[in-house]
Amino acid sequence: MRRTPADTEKSAKRITRRGLLLGTAQLALAGVLVGRMRYMQVDQADEYRMLADENRINIRLIPPVRGLVYDRKGVLLAGNEQNYSIVMVREDAGDPEEILTRLQKLVWISEEDKQKALDEMMRRSPFVPVTVAERVAWEDISKVAVNAPALPGVTPEVGLSRVYPLDSDFAHVVGYVGPVSDYDLSKIEDPDPVLQIPRFQIGKTGVENKHEEDLRGEAGTRRIEVNAVGRVMREIDREEGIPGANLQLTVNHALQNFSEARLAGESAAAVVMDPRNGDILAIASAPSYDPNKFVRGISSRDYNALLEDPYRPLANKTAQGTYPPGSTFKMVVALAALEAGVIDDKETVTCRGYKEVSGRRFHCWSRGGHGRVDLVRSLKESCDVYYYELAERVGIEAISAMARKLGLGIRPDVPLSGVAEGLMPTKDWKREVRGGDWMIGDSLNAGIGQGFVLASPLQLAIMTARIASGTAIEPRLVRSIDGVEQPVRGTDVLDIDPSHLAAVRLGMYEVVNGTRGTAGRSRIVADGIRMAGKTGTSQVRNITAAERAAGVTRNEDLPWNRRDHALFVSFAPHDAPEVAVSVVVEHGMGGSLAAAPIARDIMLAALYDDIPPLDAYPSPQRGTIRSQFEMMNLREPLAPSQGRSRA
């Protein structure tokens, strides 16, 4: 078709409009690009200069704030304090040894610590910060900050470190924290990344260890920018972590301090329980130690002194230590015999000073014997022959079953380190472990808490609390976690005839308050809080027939570590028990002599929630008691801590 001039003119107009639209779009795009370039090169020049190729972004974890630990009254037992430290990143330092040498000119760092830091850098990834100095003074931190250009890879930091304001009073209970070790990491299947933070502190012993996950919290993060020489240029953003949970324990700080002070000079343990709910009010092991030294780095000299001390201050004797319970075990044997029906509380056994079995004599502590003895008198005067007879009649299986019913031979469920199970032997146990048959002599020895029988002071306190309350109460050490009350356990009534428990409790009352009771000198005279208890003395050596014939060597004439252990268990008030106490004095020679007076003082301190009044003691003893209290290193009761203070 032939095009006319009009068609040509229309086509030209359309091309002109398209060109105009295309040109406009191109100009608009160019304008946007120019504007964006100006924004990036002018307005955001500093931002992108900081993000240049020679800089990089690091993400670092922020240690969470560790939860606090309080006593039942809100007094702080484990807190946090500010701690200035210096860290180094190996890949940013270039030559770490050279940089550390420079750092030593500004801050005192021993050659040993310097080498430790270098070794740790070699073990860890090159980008992981390693702490080279802790608890640095603010003046030293300032020096490092001013000289930062000459110290690539070195960064001063501020954090929190654990502190125990009551030092030795709760060392065995709260425990202590320390830096994460390779051994710690090897025990964890999927370690929390926060554990890679240099010298991050975790619980090593006690509640700190057993409630580590509650107390630890969750790490935060921060993004920082560092330049080519490793200097931190700025913090881009930060996300704070979640603090650990606060724990409130059942212990009373003042009673704990009184118990520790009362045990001073002894290798001993004391446990105080509320038999109504199982709360552990005090759990003291003597001697103790200062856990702050472990947090800050204990010296070899101090550590060796603890290891070499024959009184073993590092051991928690309340839960780790196991001892032959001696005559404190007689309530178990009595209840086993009563429940089995092999004797009643009125039946008597004649004590001539020994019981002969298969030509062997098993001696009573009273060489002349006690004559005719019933249940109450057997407990009051602690007649051994009576319990030899009961053990022979009832047998070891029934005795062990009763012991377990009362909490012996079972590991207590408490958050402490190395909690012992003790030992309540059976015929099968001896066959499997000792490779021999059970002998009647084994039963007789067990009948007086000797032989194979072992129990911890904590277990003896549980036993006493169960006898006092008639319930299967369980110990409770943690009262609440972040304000959430922890349950009371074991409130079921014991499967023991109440009349049998009443007979045993009467015998225990007579031990302290009856004529010729073995703990008569440790009675309480205050109205309404009379104490019931049982003394115990357990041998740590065998007495040969030749020695017995020639005369048994007195404890006082033996080396300290060959003397008998002294034990005492008690509860009060006898008619409505509120407190149960167990005391073990290693090599204390006699329960009535060493353990019972300590238990009475601790019992009164618990009942009065204060230093015991002198009028609670028999009048002839008050002058001695006053002098004793004046010499004790007692701490003033503290006010509850305020809020969730972290410093």
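Residues numbered from 1 in each chain as written. Predicted model: local features only at pLDDT ≥ 70, side-chain atom pairs only at ≥ 80, totals over all residues. Heavy atoms only, no water.

Student: I'd love a proper account of the pattern of salt bridges, names of residues and values included.
Tutor: Under the definition given, this model contains 32 salt bridges. Between Lys116 and Glu112 there is a salt bridge, with its nearest N and O atoms 3.6 Å apart. Highlighted residues: Lys116 and Glu112, both in helix 5 (residues 111–123), separated by four residues, approximately one helical turn. Lys116 gets classed as partly exposed once you look at its relative accessible area, which sits at 46%. Counted as one network, the salt bridges with shared partners bring together Arg66, Arg162, Asp192, Glu208, Glu212 and Arg216. (Salt bridge = Lys/Arg side-chain N within 4 Å of Asp/Glu carboxyl O. Helix = DSSP H or I, 4+ residues; strand = E, 2+ residues; numbered from the N terminus. Buried < 20%, exposed > 50% of the residue type's maximum accessible area, 1.4 Å probe, protein only.)

Student: Talk me through the packing of aromatic side chains; I want residue IDs and the actual numbers.
Tutor: Overall, the coordinates contain 12 aromatic pairs when judged by the stated rule. Taking the centre distance of 6.4 Å and the plane angle of 85° together, the rings of Tyr176 and Tyr289 count as edge-to-face. Here Tyr176, found in the loop between strand 5 (154–163) and strand 6 (177–179), pairs with Tyr289, found in the loop between strand 12 (280–286) and helix 11 (292–296); they are 113 residues apart in sequence, far enough to count as distant. Looking at Tyr176, the relative accessible area reads 15%, which means it is buried. When the centroid spacing of 4.5 Å and the interplanar angle of 20° are considered together, the rings of Tyr176 and Phe294 count as stacked. With a gap of 118 residues between them, Tyr176 in the loop between strand 5 and strand 6 and Phe294 in helix 11 connect regions that are remote in the sequence. Each member of the pair, Tyr176 together with Phe294, is buried. Three or more aromatic residues joined by ring pairs form one cluster here, namely Tyr176, Tyr289, Phe294 and Tyr303. In this arrangement the basic side chain of Arg361 is found over the ring face of Tyr354, its NZ or CZ atom lying 3.9 Å from the centre. (Phe/Tyr/Trp six-rings, centres within 6.5 Å; stacked < 30°, edge-to-face > 60°. Lys NZ or Arg CZ within 6 Å of the ring centre and 35° of its normal.)

Student: Which residues make up the pairing of strand 15 (residues 360–363), and what values do they have?
Tutor: Judged from the four bridges that link them, strand 14 (residues 354–357) and strand 15 form a sheet pairing that is antiparallel. Bridging across to strand 15, Val357 finds its partner in Arg360. From the end of strand 14 to the start of strand 15, which pair antiparallel, there are two residues, and Ser358 there has a positive phi angle of about 50°. (Pairing = 2+ DSSP bridges.)

Student: Which residues make up the environment of Ala319, and what values go with them?
Tutor: Following the sequence through the fold, Ala319 ends up in the loop between helix 12 (300–308) and helix 13 (330–340). On the basis of relative accessibility, which here comes to 1%, the residue Ala319 falls in the buried class.

Student: Let's hear about helix 13: which residues, and what values?
Tutor: Of all the 11 residues making up helix 13, nine are buried; the element is thus mostly covered by neighbouring parts of the structure. Among all positions in helix 13, only Lys330, Met331, Val332, Val333, Ala334, Leu335, Ala336, Ala337 and Leu338 are buried.

Student: Explain empty space enclosed by the protein to me, using residue names and the numbers behind them.
Tutor: Under the definition given, this model contains one cavity of 30 Å³ or more. Considering the residues around the largest cavity, the lining is formed by Leu77, Tyr164, Leu166, Asp167, Phe170, Val174, Gly175 and Pro291. Split into classes, the residues belonging to the lining of the largest cavity amount to six nonpolar, one polar and one charged. (1 Å grid on protein atoms, 1.4 Å probe; cavity = no way out; pocket = protein on both sides within 12 Å on 5 of 7 lines; lining within 4 Å. Points joined across faces, edges and corners; volume = space filled by probe spheres on them. Nonpolar A, V, L, I, M, F, W, Y, C, P; charged D, E, K, R; others polar.)

Student: For the sheet that holds strand 20 (residues 565–572), give the residues involved together with the corresponding values.
Tutor: If you walk across this open sheet you meet the five strands as 12-11-21-20-19, and the pairing is antiparallel. The open sheet has two edge strands, strand 12 and strand 19 (532–538), and neither has a second partner. Ignoring which end each strand starts from, the neighbouring axes of this sheet average 5° apart. Across seven bridges, the pairing between strand 19 and strand 20 is antiparallel. Residue pairing for strand 20: Gly533 is matched across the bridge by Ser570. Contacting strand 11 (268–273), strand 19, strand 20 and strand 21 (579–585), helix 22 (residues 591–608) runs over the sheet at an angle of about 30° to strand 20. (Axes fitted to C-alpha atoms, helices over the stretch in contact; angles between N-to-C directions. Contact = heavy atoms within 4.5 Å.)

Student: So what about the environment of Val271? Which residues, and what values?
Tutor: Position of Val271 among the secondary structure elements: in strand 11. By relative accessible area, Val271 is classed as buried at 0%. In this structure, the C-alpha to C-alpha distance between Val271 and Ala580, residues 309 residues apart in sequence, is 8.2 Å. The residues touching Val271, leaving out its near neighbours within four places in the chain, are Ala282, Ile283, Thr318, Pro457, Leu458, Ala461, Ala580, Val581 and Ser582.

Student: Please provide a residue-by-residue account of the packing of helix 13 against helix 15 (residues 384–394), values included.
Tutor: Between helix 13 and helix 15, whose axes approach to 10 Å, the crossing angle comes to 45°. In this view, helix 13 runs oblique relative to helix 15, as classed from their interaxial angle. The hand of the helix 13/helix 15 crossing is left-handed. Counting all contacts with helix 13, which are made through Lys330, Val333, Ala334, Ala336, Ala337 and Ala340, the residues of helix 15 involved are Asp384, Tyr387, Leu390, Ala391 and Val394. Tallied by class, the residues present in the contact of helix 13 with helix 15 amount to nine nonpolar, no polar and two charged. (Parallel < 35°, antiparallel > 145°, perpendicular 65-115°, else oblique. Left-handed = near helix turned anticlockwise from the far one by under 90°.)

Student: Go over the side chain of Arg466 with me, naming the residues and quoting the values.
Tutor: Structurally, Arg466 is set in helix 19 (residues 457–469). A distance of 3.2 Å separates polar atoms of two side chains, one belonging to Arg466 and the other to Glu474. Other than its neighbours up to four places away in sequence, Arg466 contacts Arg404, Lys405, Leu406, Gly407, Thr471, Ala472, Ile473, Glu474 and Leu494. (Polar contact = N/O pair within 3.5 Å; in protein donor to acceptor, adjacent residues only side chain to side chain.)

Student: Lay out helix 6 (residues 138–146) with the relevant residues and their values.
Tutor: Along helix 6, the residues classified as buried are Asp140, Ile141 and Val144. All buried residues of helix 6 lie within an arc of 105° about the axis, which places them on one face of the element. Within helix 6, the exposed residues directed more than 90 degrees away from the buried face are Trp138, Glu139 and Val146. Where helix 6 is buried, its residues contact strand 3 (76–89), helix 4 (96–104) and strand 5. (Arc of directions from axis to C-beta.)

Student: Please give an account of the state of the cysteines that cites residues and values.
Tutor: The final tally for this structure, using the stated rule, is zero disulfides. The structure places no disulfide on Cys351, whose sulfur is separated from the nearest cysteine sulfur, that of Cys383, by 3.6 Å. Residue Cys351 is classed as buried on the basis of its relative accessible area, which comes to 4%. On the accessibility criterion, Cys383 (1% relative accessible area) is buried. (Disulfide = S-S within 2.5 Å.)

What is shown is where atoms sit, not what they do.
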